[in-house]
Amino acid sequence: MKKIFIITLLAIIFNLNTKAYATGFEGINILPKSYDPKSPLTSSWFIYNLVPGETKKDTVVIYNRSNKPVRLKIYAVDATTTRDGAFALKMENEERKGVGAWVKLSKEKVELPPNSKIEIPFTITIPKSAKVGDHVGGIVIEDLDFKPTSGINVKVRLGVRIYQTVPGKLVRKLSIENLRFYQDKGKLYLVFNLKNEGNVKLEPTAEIELASSFYKAKQNVSLRMVLPEKPTEVPVEIKSPPLIGKIKAKAKIKYGDKPTEMAVVTASTFFIN
């Protein structure tokens with residue numbers, strides 16, 4: 001009996017512009033219908049600042065620029081981060097507590113002829129019990145005609161992000177639970193264990209100073225996105241480490257513009273390449 005393996009890409013391909021296509025989804029895209037010129041990101045994402053109890057009507061547009069008809073499933077989900085801190089939208093069968101539950105789409109399935117588009121109205125209603133701060137999710141489209149074959153199959157989804165911030169006292173607070181090294185296949189990594197103790201999403205950066213007896217180096221890296229109530233472990237590969245020796249790392253982590261929105265952590269290891 002032939003075995004079929006289906007891999008669904010959790011790190012959905014998100015739209016940066018109308019030319020962002022995915023393998024197996026060539027020519028298909030999903031974007032907001034309208035945007036605010038004062039906020040360029042709204043050309044690709046839905047960004048709201050609705051208060052608890054408020055409802056807003058909006059529209060998402062699906063484009064089929066291919067020469068083939070397509071049948072798509074469309075649904076809303078909450079956001080998460082992957083094991084290495086990458087932004088992702090949850091699977092259709094996962095529990096929806098936030099944006100995924102607040103969005104009500106006018107359609108669940110659509111058919112698009114070649115070289116066409118369709119507008120899908122939806123509403124987003126913020127519960128009266130919604131907490132102050134950031135709530136993140138998105139709208140996803142998925143190929144209804146995806147048919148797995150023998151071997152390994154990659155099931156691709158396309159998504160458009162939704163950022164909803166409930167106004168109030170916004171708290172930015174990041175804690176670093178641990179900083180550690182680990183080695184794998186001759187490569188050296190520095191792992192940041194991050195916890196967002198505030199109520200807004202954080203996108204911290206780190207300035208890493210590395211030193212050993214005959215080695216000094218610096219790296220500036222992005223630690224991706226850390227969502228509230230979602231501890232994140234982010235590995236960073238150390239570029240061109242020494243062949244052997246004890247390495248010390250000092251990382252200055254910034255997660256905001258204020259002097260207090262910074263942390264300094266250290267770690268050390270003995271490395272043999």
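See above for the structure.
Residue numbers restart at each chain and count upward from 1, following the sequence in its written direction. Confidence filtering applies because this is a predicted model: local features only for residues at pLDDT of at least 70, side-chain atom pairs given and counted only at 80 or more, and all residues used for totals across whole chains, interfaces and linings. Water and hydrogen atoms play no part in the side-chain values, which are based on all heavy atoms of the structure.

Draft legend 1. Layout of the overall build of the chain. Helices and strands together make up the secondary structure of the chain, namely 1 helix and 20 strands. Per-residue accessibility, obtained with a 1.4 Å probe over protein chains only, is compared with the maximum for each type, and a residue is labelled buried under 20%, exposed over 50%, and partly exposed between these values. Scored against the burial criterion, the 273 residues of the chain give a buried share of 45%. The long-range share in the chain, meaning contacts at least 24 apart out of those at least 6 apart in sequence, stands at 70%. Carbon and sulfur atoms form 52% of the exposed surface of the chain, whose accessible area is close to 15,300 Å². A run of DSSP states H or I qualifies as a helix once it reaches four residues; a run of E qualifies as a strand once it reaches two. Both are numbered from the N-terminal end. Two residues qualify as a contact provided that any one of their heavy atoms is within 4.5 Å of a heavy atom in the partner residue. Accessible surface is estimated by sampling points in the Shrake-Rupley manner with a 1.4 Å probe; for residues, cover comes only from the protein chains shown.

Draft legend 2. Structural context of the pattern of salt bridges. Here, a salt bridge means any side-chain nitrogen of Lys or Arg that lies within 4 Å of a carboxyl oxygen of Asp or Glu. Within this structure, the stated rule accounts for 9 salt bridges. As a salt-bridge pair, Lys173 and Glu197 come within 3.6 Å of each other at their nearest N and O atoms. Of this pair, Lys173 sits in the loop between strand 13 (157-166) and strand 14 (174-184) while Glu197 sits in the loop between strand 15 (187-196) and strand 16 (205-212); the two residues are 24 residues apart in sequence, bridging distant segments of the chain. Since its relative accessible area comes to 37%, Glu197 is described here as partly exposed.

Draft legend 3. Structural view of the sheet that holds strand 19 (residues 244-254). The antiparallel open sheet is built from 4 strands, whose spatial order is 17-16-19-20. Single-partner strands in this sheet number two, and they are strand 17 (215-222) and strand 20 (262-272). Taken pair by pair, the neighbouring strands of this sheet meet at an average axis angle of 20°, ignoring direction. For two strands to count as paired, DSSP must find a minimum of two bridges between them. Relative to strand 17, strand 16 runs antiparallel, the two being bridged by 8 bridges. Opposite Ala211, over in strand 17, you have Lys216 as the bridge partner. The convention used is that axes are lines fitted to C-alpha atoms, helices contributing only their stretch in contact, and that angles between N-to-C directions extend from 0 to 180 degrees.

Draft legend 4. A look at the sheet that holds strand 8 (residues 103-105). Strand order in this open sheet of 4 strands is 3-5-10-8, and the pairing throughout is antiparallel. On the outer flanks of this sheet lie strand 3 (28-32) and strand 8, each paired with one strand and no other. Each strand of the sheet is rotated relative to its neighbour by a mean of 30°, with strand direction disregarded. In terms of strand pairing, strand 5 (residues 55-64) meets strand 10 (residues 116-125) through 10 bridges, oriented antiparallel. Residue pairing across strands places Thr55 opposite Thr125, the latter belonging to strand 10.

Draft legend 5. Expanded view of a positive patch on the surface. Without a salt bridge and with relative accessible area above 30%, a residue can belong to a patch; like charges are then joined within 9 Å and nonpolar side chains (Val, Leu, Ile, Met, Phe, Trp, Tyr) within 5 Å. The charged-residue count follows a simple rule in which Lys and Arg add positive charge and Asp and Glu add negative charge, with His and chain termini not counted at all. A single reference atom marks each charge: NZ on Lys, CZ on Arg, CG on Asp, CD on Glu. Together, Lys218, Lys250, Lys252 and Lys254 give the surface a local cluster of positive charge. It is strand 19 that contributes the most residues to the positive patch, 3 residues altogether. Inspection of the secondary structure assignment puts Lys250 in strand 19.

Draft legend 6. Spatial organisation of unusual backbone geometry. Backbone geometry places Asn115, a non-glycine residue, at a positive phi of 50°. Looking at the secondary structure, you find Asn115 in the loop between strand 9 (109-112) and strand 10. Of note, Glu229 is a non-glycine position whose phi angle comes to about 65°, a positive value. Of note, Glu229 is situated in the loop between strand 17 and strand 18 (232-237).

Draft legend 7. Examining the pairing of strand 20 more closely. Of the two faces of strand 20, the one holding Ala263, Val265, Ala267, Thr269 and Phe271 is buried and the one holding Met262, Val264, Thr266, Ser268, Phe270 and Ile272 is not buried anywhere. Looking at chain direction, strand 19 and strand 20 are connected through 11 bridges and run antiparallel. Bridge pairing links Ile253 to Ala263 in strand 20.

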